[in-house]
Amino acid sequence: MNQKINPHSTPEKNISFEEGIAKLRALVSEMESGSLGLEEMIASYGEGVKLIKHCEERLGEAECKIRELVEKGGQISLKTREGK
């Protein structure tokens, strides 16, 4: 099932992290191809920024869920980003 990803479709709030990453990769590939004009490149860049924000939000949600699970289990400690 190798679906072609449309990187220009609006990132919906309900797409998964994996779908967001796939769209971002397709967008980057298109931008790197050199086939876009300046206006298209700027629009693609803006779309990429939205996709990155979306993926960061999904990661933040996953981190919160993991923290909750760890706190409930009490056996595993989770290092925070600040504690790297």
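Our structure is the block above this text.
Source: prediction; values computed, not measured.

### Focus: the packing of helix 1 (residues 17-32) against helix 2 (residues 38-73)
Relative to each other, helix 1 and helix 2 sit at 155°, their axes nearing to 9 Å. Taken together, helix 1 and helix 2 sit at an angle that is classed as roughly antiparallel. Of the two possible hands of crossing, helix 1 and helix 2 adopt the one that is left-handed. Here Phe17, Gly20, Ile21, Lys23, Leu24, Leu27, Glu30 and Met31 of helix 1 come into contact with helix 2, specifically with Met41, Ser44, Tyr45, Glu47, Gly48, Leu51, Ile52, Cys55, Arg58 and Leu59. Split by residue class, the contact of helix 1 with helix 2 holds 11 nonpolar, 3 polar and 4 charged.

### Details of helix 2
Taking 1.5 Å of rise per residue, 36 residues should cover 52 Å, and helix 2 covers 52 Å from first to last C-alpha, within 8% of that figure. Of all the positions in helix 2, only Ser44, Glu47, Gly48, Leu51, His54, Cys55, Arg58 and Val70 are classed as buried.

### Some words on the environment of Glu47
Looking at the secondary structure, you find Glu47 in helix 2. Glu47 sits in the buried class, given a relative accessible area of 11%.

### Here we look at the pattern of salt bridges
Counted according to the given criterion, the structure contains 2 salt bridges. Close ionic contact of Glu61 with Arg58 constitutes a salt bridge, the shortest N to O distance being 2.8 Å. Of this pair, Glu61 and Arg58 both sit in helix 2, 3 residues apart, which is roughly one turn of that helix. Under the relative-accessibility criterion, Glu61 is labelled partly exposed at 41%. Note on Arg58: relative accessible area 15%, which makes it buried.

### As for helix 1
When the terminal C-alpha atoms of helix 1 are compared, their 22 Å separation across 16 residues agrees well with the 22 Å that a helix rising 1.5 Å per residue should span. Of the positions making up helix 1, those classed as buried are Gly20, Lys23, Leu24, Leu27 and Met31. Around the axis of helix 1, the buried residues are gathered within 100° of arc, so they sit on the same side. Looking at helix 1, the residues exposed on the side facing more than 90 degrees away from the buried face are Glu18, Arg25 and Glu32. In this fold, the buried residues of helix 1 make contact with helix 2. Phi turns positive one or two residues past the end of helix 1, at Gly34, with a value near 80°.

Cut-off values and rules
- Residues numbered from 1 in each chain as written.
- Predicted model: local features only at pLDDT ≥ 70, side-chain atom pairs only at ≥ 80, totals over all residues.
- Heavy atoms only, no water.
- Axes fitted to C-alpha atoms, helices over the stretch in contact; angles between N-to-C directions.
- Helix = DSSP H or I, 4+ residues; strand = E, 2+ residues; numbered from the N terminus.
- Parallel < 35°, antiparallel > 145°, perpendicular 65-115°, else oblique.
- Left-handed = near helix turned anticlockwise from the far one by under 90°.
- Contact = heavy atoms within 4.5 Å.
- Nonpolar A, V, L, I, M, F, W, Y, C, P; charged D, E, K, R; others polar.
- Expected span 1.5 Å × (residues − 1).
- Buried < 20%, exposed > 50% of the residue type's maximum accessible area, 1.4 Å probe, protein only.
- Salt bridge = Lys/Arg side-chain N within 4 Å of Asp/Glu carboxyl O.
- Arc of directions from axis to C-beta.

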